[in-house]
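# Chains, contacts and geometry: an overview
The chain contents come next:
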Amino acid sequence: INHVVHNGGLYKRPFNEAFEETPMLVAVLTYVGYGVLTLFGYLRDFMRQWKIEKCQNATEREEQKDFVPLYQDFENFYNRNLYMRIRDSWNRPICSVPGAKVDMMERVSHDYNWTFTYTGKVIKDIINMGSYNYLGFAQKAGTCQEAAAKVLSQYGAGVCSTRQEMGNLDKHEELEKLVARFLGVESAMAYGMGFATNSMNIPALVGKGCLILSDELNHASLVLGARLSGATIRIFKHNNMQSLEKLLKDAIVHGQPRTRRPWKKILILVEGIYSMEGSIVRLPEVIALKKKYKSYLYLDEAHSIGALGPSGRGVVEYFGLNPEDVDIMMGTFTKSFGAAGGYIGGKKELIDYLRTYSHSAVYATSMSPPVVEQIITSMKCIMGEDGTTVGKARVQQLAENTRYFRRRLKEMGFIIYGNEDSPVVPLMLYMPAKIGAFGREMLKRNIGVVVVGFPATPIIESRARFCLSAAHTKEMLDTALKEINEVGDLLQLKYSRHRLVPLLDRPFDETTYEETED
């Protein structure tokens, strides 16, 4: 399904997203694959019970037999018999800066991935296609690192107090003023953890008698925050404005269940870039619906801040919208800024309220000063306040890398999800055996990738997820693409029926293409 939107003046630019349908044969074979794995899993559980199976790691110890069983539901069955087979594709230990290239510690398993031992060898110069290092600020040398080291020697590593007690540093105040200026809002507040920025602040904003309308593919932190709030939650289909409008209409017409009283607040939760789909929120339409039905909008820009927009100011700038139209602007410093933590921006009254009532503001320890300085320095670089054009060049380089990499993968015949401007690039694998095989084959070729399967994705939509960075050179991307092409042929991953025509005379940053029919 291709979406090319010019919706009645709401969009100031083309909005192109592709979610090609899973070929029927591939879907059937994927279900058959999971069926075979499940059958063999039950057979191995039976063999474990009768001590025929050699590996007994998944069985209860004798002294635990009288306890409530730890292994009884399907989730644990899945962990034992499906996840364990390919567990070596995750939690790989990195021993360098997560830049464009990384060093990885080699490990082996002698008990079917239940435990790992380190060989003592280090695999050098693996091209890193998995880290959220969008603007390349994860580096061990440069102005950001020098500034952070200087602050470390002056302030130390930890603050040992909350903001409301003895942990409010001048650096924290400077950061919040800078973030507010960067976003174009009245005020902002910074938090030490990106996940907690969502999970602890949503309960402070809504509660019983309120309604949350949440995209079905929202991040776990938004889901947890919504559940902790005690508000009623209703889910709308991913990026589907008809589904959202129907829920808004129903909420206003019918009110609360049983009492039929009007909802105290209606809060729409969306993300800027969805980290598993690579799609960008249809923000102009969401804002139009929000205004029409007098609701509030909470925008999570964890992946889009720094990575979208001409000057890296996120999805609001990408669409040319007014930041005042978004009630709560949330984002993280963990990706484009190469640091840690999160922020919330909005009106001064909102931020003053959160300073008093947010659990992550009142009870959490303040952000580490060197981390704060890393954010300040990288943000000033993006804004051009360091007197250079390095930040702007990085934003442009990321956009060029994104379009080039996505276009080349489509030309090869892979099914690629998401928006053409999204630096998150999911490549569909589908079958369970290909999840582990793709990760291992790419590592053999010195390319580090992230592979994702159930429960992080629907059971038949396993995928590899690439994250582009401004630090990737064209040579690195070409090397990665060559190896991906080779592994794609080896594992027969080129499922797409809409292969693009390569234009040989096209410059590197050009994005136009032609599409062929079957």
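Quantities reported herein were computed from a predicted structural model and do not represent experimental measurements.

Glancing now at the packing of helix α5 (residues 194–205) against helix α6 (residues 220–229). Contact geometry for α5 and α6: axes closest at 7 Å, N-to-C directions at 20°. Our classification of the angle between α5 and α6 gives roughly parallel. Pair α5 / α6 crosses with right-handed handedness. Within the contact between the two elements, α5 uses F195, N198, S199, M200, I202 and P203 and α6 uses A220, S221, L222, L224, G225, A226, L228 and S229.

Here we take up the side chain of N16. Along the chain, N16 falls in strand β2 (residues 15–18). Polar contacts involving the side chain of N16 include one to the side chain of E420, which spans 3.0 Å.

With that settled, the discussion passes to the nonpolar core. M129, L283, F333, F405, L409, F438 and F466 are the most contacted members of the largest nonpolar core, which totals 108 residues. Counting contributing residues, this core receives three or more from each of domain 1 (20–128 + 389–498) and domain 2 (143–383). Discounting chain neighbours no more than four positions away, the residues touching L283 are L297, L299, V315, V316, F319 and L321. Y191, I202, C210 and I212 belong to the second largest nonpolar core, which has 21 residues in total.

Another point: the domain arrangement of the chain. How large an interface is tends to be reported as the accessible area lost when its parts come together. For the chain, the domain assignment lists domain 1 (20–128 + 389–498) and domain 2 (143–383). The partner domain 2 presents 19 residues to the 18 residues of domain 1 that form the contact. Where domain 1 touches domain 2, the interface holds one salt bridge. The salt bridge involving E277 is made with R463; its shortest N-O contact spans 3.0 Å.

What follows concerns the UniProt feature "domain: Aminotransferase class I/classII large" (unreviewed entry) in the chain. The feature "domain: Aminotransferase class I/classII large" (unreviewed entry), as given by UniProt, occupies residues 124–484 in the numbering adopted here. Its end C-alpha atoms 19 Å apart, residues 124–484 is made of 42% helix and 17% strand.

The subject of this paragraph is the UniProt feature "transmembrane region" (unreviewed entry) in the chain. The UniProt record marks residues 24–43 with the feature "transmembrane region" (unreviewed entry), using the residue numbering of this structure. Between the end C-alpha atoms of residues 24–43 the distance is 29 Å, and the span holds 100% helix and 0% strand.

Turning next to the pairing of β2. Side-chain positions along a regular strand alternate between the two faces of the sheet. In β2, alternate side chains face the same way, and those of F15 and E17 on one face and N16 and A18 on the other are all buried. Strand direction decides the pairing type here: β2 and strand β12 (residues 418–419), joined by two bridges, are antiparallel. The residue bridging A18 from the neighbouring strand is G418, located in β12.

Moving on, we come to the sheet that holds strand β11 (residues 342–346). Spatially, the seven strands line up as an open sheet ordered β5-β11-β10-β9-β8-β6-β7, and their pairing is mixed. If you trace the sheet from one side to the other, it starts and ends with β5 (187–191) and β7 (232–236), each paired once. Averaged over neighbouring strand pairs, the angle between their axes works out to 20° when direction is ignored. Two strands pair when backbone bridges link them, and β5 and β11 are joined in this way by five bridges, in the antiparallel orientation. Across the sheet, residue A190 finds its bridge partner in β11, namely Y343.

Moving on: the pattern of salt bridges. Taken as a whole and judged by the stated rule, the model has 31 salt bridges. Linking R44 and E53 is a salt bridge whose minimum nitrogen-to-oxygen distance equals 3.1 Å. Of the residues examined, E53 reaches a relative accessible area of 12% and is grouped as buried. Residues E176 and R163 are paired through a salt bridge, measuring 2.9 Å at the closest nitrogen-oxygen approach. Taken together, the positions of E176 in helix α4 (residues 170–183) and R163 in the loop between α3 (143–155) and α4 put the pair 13 residues apart, joining distant regions of the chain. E176 sits in the buried class, given a relative accessible area of 5%. Owing to a relative accessible area of 14%, R163 belongs among the buried residues under this scheme.

The predicted model of the chain has a mean per-residue pLDDT of 91, with 93% of residues at 70 or higher. Throughout residues 503–518 the model reports pLDDT below 50, and contacts reaching past four residues in sequence, or to other chains, amount to 26 contacts.

For the rest of this paragraph, the subject is unusual backbone geometry. In this chain, F454 is followed by P455 through a cis amide linkage whose omega measures 10°. Even without being glycine, D125 reaches a positive phi, approximately 55°. Here D125 shows up in strand β4 (residues 117–128). You can call D125 partly exposed: its relative accessible area is 47%. Residue N239 is not a glycine yet carries a positive backbone phi of 55°. Take N239: it is sitting in the loop between β7 and α7 (241–254). Classification of N239 as buried rests on a relative accessible area of 8%.

We now examine the side chain of R463. Relative to the helices and strands, R463 resides in strand β16 (residues 462–467). Of note is the side chain of R463, whose polar atom sits 3.0 Å from the side chain of E277. Those residues in contact with R463 that sit more than four places away from it in its chain are M276, E277, Y417, P426, L427, M428, L429, V450, V451, V452, T457 and P458.

An ideal rise of 1.5 Å per residue puts 20 Å on 14 residues; α7 measures up with 20 Å between its terminal C-alpha atoms. Along α7, the residues that are buried comprise M241, S243, L244, E245, L247, L248 and A251. On its buried face, α7 sits against β6 (211–215), β7, β8 (266–271) and α8 (283–292). Two or three places before Q242, at the start of α7, stands the capping residue N240, its side-chain oxygen 3.0 Å from that residue's backbone nitrogen.

Conventions adopted
- Residues numbered from 1 in each chain as written.
- Predicted model: local features only at pLDDT ≥ 70, side-chain atom pairs only at ≥ 80, totals over all residues.
- Heavy atoms only, no water.
- Axes fitted to C-alpha atoms, helices over the stretch in contact; angles between N-to-C directions.
- Helix = DSSP H or I, 4+ residues; strand = E, 2+ residues; numbered from the N terminus.
- Parallel < 35°, antiparallel > 145°, perpendicular 65-115°, else oblique.
- Left-handed = near helix turned anticlockwise from the far one by under 90°.
- Contact = heavy atoms within 4.5 Å.
- Polar contact = N/O pair within 3.5 Å; in protein donor to acceptor, adjacent residues only side chain to side chain.
- Core = buried A, V, L, I, M, F, W, Y, C linked by side-chain atoms within 4.5 Å.
- Buried < 20%, exposed > 50% of the residue type's maximum accessible area, 1.4 Å probe, protein only.
- Domains from an automatic or database assignment.
- Salt bridge = Lys/Arg side-chain N within 4 Å of Asp/Glu carboxyl O.
- UniProt positions renumbered as here; feature names shortened; annotations may be inferred.
- Pairing = 2+ DSSP bridges.
- pLDDT = per-residue confidence, 0-100.
- Expected span 1.5 Å × (residues − 1).

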